[in-house]
Amino acid sequence: MKDFFRIALLFIVYSNAVLVQGQPSQGLSLTDCISLALKSNPTLRRSELEVARNEINHKQAQYNRLPSLNGNVSHSYNQGRSINSTTNQFVDNSYFSGNQSLSLNGWLFKGFELLYDIRRKANAREAGKLEFESSVNELKLDVIAAYVLVLTAQDMLKQTEAQRAVTAENVRRSEVLHREGAAKPGDYYDLKGQLESEENNVQDAQRVLYNNKQRLVALLNWEQGELPLLQPLLLPVEVGMDTEGELYEKALGFLPNFKALDWRIKEAEQGVKVARSGYYPSLSFDAGIQSRFSSVDDAGYNYWQQLKNYPSKGASLTLRVPIFNQMQVRNQVKHARLNLDEALWNRKIQENRVREETAKAVFSLTALRQNVGHLEEQEQHYREAFRIAQVHFDAGNSNSVLLLTAKTKLDNTTNSLLIKRYEWIMQKYINDYYAGKLEL
């Protein structure tokens, strides 16, 4: 009777190894993990660099409207017969010469290319911001998935250890009876083999837990090591569910991917205009001042005096009229239109993908909720069946085959229930993400 109560106690611990519905204990929460990942995840930080690049490109497009001012200074050593740069006379001795200039040039009109390029870079900047926001949301989902997998693996390890403890207690009791000759040898060795099998299950669960922890650690950009205790997650509350169409419409309005694609389309439209500006004439201006220097000049090495003696100023306007340029502009326009078509198709592809994913999300959430309900009832039935099989086995009215069959059914159902509960939790987070309700 004492053995029976010991096994019953182990069974109670085993059947309550996982309490997903329990109150969160102290430890690292899901919100904490997401905050840590957003601060230090290297992939996200690298994506943020593209936002900075787009900002620089937009500013440069605006600066391109400004004229450019450049100064040039060149000096050389001359040997042999050459022309004096200040007098234009031949000289036979060695001397130093130099030129100094200051030039100003810019565009007065460039076929609206500068204007359209500013708009294109502005659209690219807005698209980049939204694409980075999309990367943030994707990282959140990755952290949630890794967090849920760690919790699943932790509870699976506890569950397999509890299952092993039940079998170990049966083996311990059978060893006593086997030494006394009161147990069937077949039952004794059958239980021993089952214990070894469950030892392997525990080791497999430990390996899965280790791998899942390393995945979460990598997302948080932590050093390899022991992950702090994670707080458990609550099962989803029964609330009204969106239909496939409702969730799809919410996703269209919430997901930054679609808004980013809209800006990419605008960027491509401006790209067509930039390419078409090559058909128009352009007008530029140039102005400058320059002077010369020679060591054999009458002023000698007086640099500033020669600068005053030989100034040269000038200004010019240049009108460029495109007539024929090997069809380059025409083909550039064609390429720009293809880029626009590609942007339009990218949005259509994204719409179809999200329509498919939201439909699957609604169906999966409903199915998982039903799966959990059925498995909870199934677990209750198999738990009672195992209890009865244990009582009969302890009384000597049964054998190990019937006991282990009942235990295997209960083990499989309990494991499936644990996994389905966490799949349900994860699916709820996915649906909230599409609905714009992922507040983490």
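Look up: the structure comes first, before these words.
The residue count restarts for each chain, going from 1 along the sequence in the order it is written. The predicted nature of this model means local features are confined to residues of pLDDT at least 70 and side-chain atom pairs, given and counted, to a pLDDT of 80 or more, with totals for whole chains, interfaces and linings taken over all residues. Computation of side-chain values covers all heavy atoms of the structure but excludes hydrogens and water.

Trainee: Tell me about the overall build of the protein chain, residues and numbers included.
Mentor: When its secondary structure is counted, the protein chain shows 10 helices and 6 strands. The atom set for the radius of gyration is the C-alpha atoms, and the globule formula is 2.2 Å times the number of residues raised to the power 0.38. Since a compact globule built from 440 residues should have a radius of gyration of about 22 Å, the 39 Å found for the protein chain marks it as more spread out than a globular shape. Each residue's exposure class comes from its accessible area (1.4 Å probe, protein chains only) as a fraction of the maximum for that residue type: buried when under 20%, exposed when over 50%, partly exposed otherwise. The buried share of the protein chain, taken over its 440 residues, is 39%. Accessible surface, the protein chain: about 24,900 Å² in total, of which carbon and sulfur atoms supply 54%. Counted charges follow a simple rule, with Lys and Arg positive, Asp and Glu negative, and His plus the chain ends left uncounted. Charge positions come from single atoms, namely NZ of Lys, CZ of Arg, CG of Asp or CD of Glu. Considering the protein chain, the positive charge centre built from 53 side chains and the negative charge centre built from 51 side chains are found 7 Å apart. Strands here are runs of E lasting at least two residues and helices are runs of H or I lasting at least four, both read from the DSSP assignment and numbered beginning at the N terminus. The method behind every accessible area is Shrake-Rupley, applied with a 1.4 Å probe, and residues are considered shielded solely by the protein chains displayed.

Trainee: Could you give me a rundown of helix α6 (residues 244-254), with the residues and numbers involved?
Mentor: All buried positions along α6 are accounted for by L247, Y248 and A251. Around the axis of α6, the buried residues are gathered within 100 degrees of arc, so they sit on the same side. The elements touched by buried residues of α6 are α7 (256-276), α9 (328-394) and α10 (400-435). Each C-beta atom gives one direction from the helix axis, and the arc is the one those directions make. Note on definitions: a residue-residue contact is assigned when non-hydrogen atoms from the two residues lie within 4.5 Å.

Trainee: Requested: an account of the pattern of salt bridges, with residues and values cited.
Mentor: A pair is scored as a salt bridge if a Lys or Arg side-chain nitrogen falls within 4 Å of a carboxyl oxygen belonging to Asp or Glu. The final tally for this structure, using the stated rule, is 27 salt bridges. Its salt-bridge partner being K121, residue D117 comes within 3.4 Å of it at the nearest N-O pair. Taken as a pair, D117 and K121 lie in helix α4 (residues 113-179) at a separation of 4 residues, close to a single helical turn. Take D117: its relative accessible area is 9%, and that puts it in the buried class. Taking the relative accessible area as the measure of exposure, K121 reaches 23% and is therefore partly exposed.

Trainee: Please set out the side chain of N431 residue by residue, giving values where relevant.
Mentor: Inspection of the secondary structure puts N431 in helix α10. Sequence-distant contacts of N431, defined by excluding residues within four places in its chain, comprise L247, A361, V362 and L365.

Trainee: Now, about the environment of R81: what can you tell me, with residues and values included?
Mentor: Its place among the elements puts R81 in the loop between β1 (68-78) and β2 (82-83). C-alpha separation for the pair R81 and D92, spaced 11 residues apart in sequence, amounts to 4.3 Å. Among all residues touching R81, those that are not within four sequence positions of it are F90, V91 and D92.

Trainee: Would you mind going over the nonpolar core in detail, with residue names and values included?
Mentor: Ranked by internal contacts, the top residues of the largest apolar core, which has 54 residues, are V143, L216 and L230. At the level of secondary structure, the elements contributing two or more residues to this core comprise α2 (30-40), α4, α5 (185-220), α6, α9 and α10. No other element matches the 14 residues that α4 contributes to this core. Ignoring any residue separated from it by four or fewer positions in sequence, one finds V143 in contact with L30, C33, I34, A37, L216 and L219. By nonpolar core is meant a set of buried Ala, Val, Leu, Ile, Met, Phe, Trp, Tyr and Cys residues that side-chain atoms within 4.5 Å join together. If you look at the next biggest cluster of nonpolar residues, it comprises 11 residues, including V171, F386, F393 and A406.

Trainee: A description of the environment of E55 should follow, citing residues and the corresponding values.
Mentor: Along the chain, E55 falls in helix α3 (residues 42-63). When its relative accessible area of 26% is taken as the criterion, E55 is described as partly exposed. Spatially, the C-alpha atom of E55 lies 26 Å from that of L252, the residues being 197 residues apart in sequence.

Trainee: For the sheet that holds strand β6 (residues 312-320), give the residues involved together with the corresponding values.
Mentor: With antiparallel pairing, the 4 strands of this open sheet are ordered in space as β1-β4-β5-β6. Taken across any chain shown, the strands that pair with only one partner, and hence form the sheet edges, are β1 and β6. The average angle at which neighbouring strand axes cross in this sheet is 20 degrees, direction not considered. One bridge is not enough; two strands pair if DSSP finds at least two bridges between them. Bridge count between β1 and strand β4 (residues 95-109): 11 bridges; the pairing is antiparallel. Helix axes use the C-alpha atoms of the stretch in contact, all axes being lines fitted to C-alpha atoms, and the angles between their N-to-C directions lie in the range 0 to 180 degrees.

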